[in-house]
Structure formats: C-alpha cells, structure tokens
Amino acid sequence: MSYFQTLIIVFATIALFLYGLKSFSEEVKKLSTEKLQSLISKVTRYSISGFILGAVLTSIIQSSSAVSSITVALVDSGVISFVNSLSVLLGANVGSTSTAWLVTFNVGAIAPYFIILGMIISLIPSKIQLAGKSVFYFGFILFSLELISQSIEPFKTDPFIVTVLKMTDNHIIGILSGIVVTALVQSSSVTTGLAILLTQQGILNSEGAISIILGSNIGTSSTALIASLQLNKWAKLSATSNFIFNCLGVLICFPFINLLNRLTMYLSDDITYQVAYAHLLFNIFLSLLILPFIKKIAFWLESKFFTSME
C-alpha cells in the first residue's frame, strides 16, 4: 500500500470517529432536550451538583464541546445563570476524560455487539426504538476507534512520521498541536483518542501525548466561543470564562509536565494508562483550584468583562 493510500485510510477512519461522536451526541440530545434543560436548571443551583452534572452529561454524550455549547445557550435563554454555568463547564472538562478511558480499555471488541443491538432496538415498534440509534452510534464510535488503531499501525516504521511526532517532545509544540487539531475538528475527543492510540502503537511517547491533550483542553473551548458570538453578554462571558479557565490550567501545569508524567508512572506501568491518568489528574486539579472560589471568581470576571465592554 502506498504512503498516500495509508494517509487517506487514516483520515477516513478519523472522519468516521468524528461522525460517530457527533451523531451519538445528537441522538442523545434528541431523547431528552426538554428534560435536560429542566434538570440543568434545578441541579445547577449548587456548584458541586452542577459540576457533577457537567461531568456525567459529558461522559454520556461523549462531547464536552456539545455540553459547553448547550450550557452557553441555556445561559443566553435565562434557564441558568452565568455563575451556575461555570461549575457545569468545569464538570464537562472532567467528563471529557471518559473518551481517553474508552480508548485505554481497548473496548473495540464489543463494538459489533452495540451496533447489532442498536439496529435491533431501532426495529422494535415502541418508544424504546428512539434509543436504538444512540446505542448504534455508541458502537460505531468504538468500532471506528479500532479502525483508527489498525490504520495508523504502518506509521510505526515510517521515519518521517516518527520524526514529525517527535517534535511534540517540545511541550510548546505539543500543546499548540493539540489546540490546532481540536479547534479544526471541533472535538477534543478526536485529539485525545488519536494521541492515546499513537502511544499504544509506540509512535508517540507519553510526554508528547500529555502535551497534546493539554492543548486539546484549550482547543475545545473554541466551540463554545463560536456558539456564543450571536448570544447575549452573559453567554459570551460564560464561554470566555471557560476558555480562560482552560488556558490558566495549562499555564500552571506547563512547567510540571515532566513531573506529571513521572507521577502517572507510579499509578501504572502501561503508557496508555499513564496518559489517561494525566488527562484526568489535570482536569481534577483545575476543578479543585477553581470550584471552591467559583462565586468570587464569577464576580471578578463580571466586573472585568463588563468594564472592558463600556
């Protein structure tokens, strides 16, 4: 197989993964749009419950970008307040780590069962058939991850690809790569999943993968920022705050990437688990740093943001 054909197959499998994520997210949202809004409105009155809700929803929908965009839209409509939205956005960051664990656990073998089960459920003439597509697309996500893993295997022996990916050993380049790729595909799940699959194949080392994943946290903020452009000032502030939080977390953690990498080595000998742990620890650290002071931070952001608009 030629180099060009291999690249086409890799991009095609990544496109399938992205399509699966977006379709799964849309199907889940169709099942519970009104109930979701009502639930968010009630639960987000308390910071910790809003945080948990954001984490759980993102784990289910498999898209922090979708949850962030929904949250910003709900701020615009007045369903939730600006300050209450911040805890949901922090929770969404933690929930986004679920994709890393899906890839790490190598669950591709069970993907066909979900695909077949989803198809069967869709054929049942009752309300349950509405959940069929969600089950199908969840299997589709797992199946496409397996396809990506197989498609990138030839790169293990490609000197050019290995040289290019070695550049991510420079943490700045790794973070910038994560930002750009995530902003382009509008999904941190794609960036995270690809980084871990590359470590599984031995093409990317753990520090390079961690740098890319840290960058993806900033890149995924772009979705909510874009969504807020046509919304009111509170929605814009909510999206901007999410971006600021993620940038702040990366700036704080940047000098300690090597330390974070060594810490994960104590948690696991498996490089893919090390990367997944790093992603989880980073987002938990960011949440613990901000969540206890969320109201004070919100008040400060309000004063600075609206003063700059005058």
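Quick note: structure is the one above.
Being a predicted model, the structure only gives us computed values, none of them experimental.

Visitor: Explain the overall build of the chain to me, please; I cannot follow it from the model alone.
Guide: Each helix and strand counted, the chain has 16 helices and zero strands in total. The C-alpha radius of gyration of the chain comes to 20 Å, within 12% of the 19 Å expected for a compact globule of 310 residues. Projecting the C-alpha coordinates of the chain onto the three principal axes gives extents of approximately 60 × 55 × 35 Å. A buried classification covers 50% of the 310 residues belonging to the chain. Contacts spanning at least 24 positions in sequence make up 79% of the contacts within the chain whose residues lie at least 6 apart. Carbon and sulfur atoms provide 70% of the accessible area of the chain, an area that totals close to 14600 Å². With 16 positive and 13 negative side-chain charges, the chain shows a separation of 12 Å between the mean positions of the two kinds.

Visitor: Can you walk me through the packing of aromatic side chains in this structure?
Guide: For the structure on display, the rule yields nine aromatic pairs. Relative to Tyr137, the ring of Phe136 lies with its centre 5.4 Å away and its plane at 80°, an arrangement referred to as edge-to-face. Given a relative accessible area of 28%, Phe136 falls into the partly exposed group. Three or more aromatic residues link up through ring pairs in this structure, and these residues are Tyr19, Phe136, Tyr137 and Phe140.

Visitor: Could you clarify how one ought to interpret a nonpolar patch on the surface in this entry?
Guide: A surface patch of nonpolar side chains, amounting to about 570 Å² of accessible area, comprises Ile116, Met119, Ile120, Leu123, Ile124 and Ile128. By the element assignment, Ile124 lies in the loop between helix H6 (111-123) and helix H7 (132-151). By relative accessible area, Ile124 is classed as partly exposed at 33%.

Visitor: It is not clear to me how the environment of Ile116 should be interpreted in this structure. Could you clarify?
Guide: Here Ile116 lies in helix H6. When its relative accessible area of 46% is taken as the criterion, Ile116 is described as partly exposed. With 96 residues separating them in the primary sequence, Ile116 and Gly20 have C-alpha atoms 15 Å apart.

Visitor: Help me understand the packing of H6 against H7 in this model?
Guide: Any two packed helices are characterised by how steeply their axes cross, that is the angle between the axes, and by the distance between the axes. As a packed pair, H6 and H7 sit with axes 7 Å apart at the nearest point and diverge in direction by 160°. Here H6 lies roughly antiparallel to H7, going by the angle between them. Along this stretch, H6 crosses H7, giving a crossing that reads as left-handed. Contacts between H6 and H7 involve Ala111, Phe114, Ile115, Leu117, Gly118, Met119, Ile121 and Ser122 from the first element and Gly132, Lys133, Val135, Phe136, Phe138, Gly139, Phe140, Leu142 and Phe143 from the second. Tallied by class, the residues present in the contact of H6 with H7 amount to twelve nonpolar, four polar and one charged.

Visitor: In this structure, what is going on with helix H13 (residues 233-253)? I would like to understand it.
Guide: Working note: α-helix, 3.6 residues per turn, so residues spaced by three or four point in the same direction. Counted at 1.5 Å a residue, the expected span for H13 with its 21 residues is 30 Å, and the 30 Å between its end C-alpha atoms agrees. Buried within H13 are the following residues: Ala235, Leu237, Ser238, Ala239, Ser241, Asn242, Phe245, Asn246, Cys247, Gly249, Val250 and Cys253. Two to three positions downstream of the cap, the backbone nitrogen of Trp234 sits 3.1 Å from a side-chain oxygen, assigning the N-cap of H13 to Asn232.

Visitor: Can you walk me through the side chain of Ser87 in this structure?
Guide: Tracing the backbone through its elements, the reader meets Ser87 in helix H4 (residues 82-95). Not counting the four nearest positions on each side in its chain, Ser87 is found in contact with Ser47, Gly50, Phe51, Leu291 and Ile294.

Visitor: Mind showing me how you'd approach the packing of helix H10 (residues 188-200) against helix H11 (residues 206-219) here?
Guide: Direction vectors running N to C along H10 and H11 enclose 175°, while the axes themselves pass 9 Å from each other. As far as their axial angle goes, H11 and H10 are roughly antiparallel. When H10 is examined against H11, the residues Ser188, Thr191, Thr192, Ala195, Ile196 and Thr199 are found in contact with a partner set consisting of Ala209, Ile212, Ile213 and Ser216. In the contact of H10 with H11, the residues fall into five nonpolar, five polar and no charged.

Visitor: Would you take a moment to explain the environment of Ser81 for this structure?
Guide: Following the sequence through the fold, Ser81 ends up in the loop between helix H3 (64-77) and H4. According to the relative accessible area criterion, Ser81 is partly exposed, its value standing at 30%. Put simply, Ser81 and Ile244 are 163 residues apart on the chain and 18 Å apart in space, counted from C-alpha to C-alpha.

Cut-offs applied
- Residues numbered from 1 in each chain as written.
- Predicted model: local features only at pLDDT ≥ 70, side-chain atom pairs only at ≥ 80, totals over all residues.
- Heavy atoms only, no water.
- Helix = DSSP H or I, 4+ residues; strand = E, 2+ residues; numbered from the N terminus.
- Rg over C-alpha atoms; globule rule 2.2 N^0.38 Å.
- Buried < 20%, exposed > 50% of the residue type's maximum accessible area, 1.4 Å probe, protein only.
- Contact = heavy atoms within 4.5 Å.
- Areas by Shrake-Rupley, 256 points an atom, 1.4 Å probe, with all protein chains shown as cover.
- Lys, Arg positive; Asp, Glu negative; His and termini not counted.
- Charge placed at Lys NZ, Arg CZ, Asp CG, Glu CD.
- Phe/Tyr/Trp six-rings, centres within 6.5 Å; stacked < 30°, edge-to-face > 60°.
- Patch = residues over 30% accessible without salt bridge, like charges linked within 9 Å, V, L, I, M, F, W, Y side chains within 5 Å.
- Salt bridge = Lys/Arg side-chain N within 4 Å of Asp/Glu carboxyl O.
- Axes fitted to C-alpha atoms, helices over the stretch in contact; angles between N-to-C directions.
- Parallel < 35°, antiparallel > 145°, perpendicular 65-115°, else oblique.
- Left-handed = near helix turned anticlockwise from the far one by under 90°.
- Nonpolar A, V, L, I, M, F, W, Y, C, P; charged D, E, K, R; others polar.
- Expected span 1.5 Å × (residues − 1).
- Polar contact = N/O pair within 3.5 Å; in protein donor to acceptor, adjacent residues only side chain to side chain.

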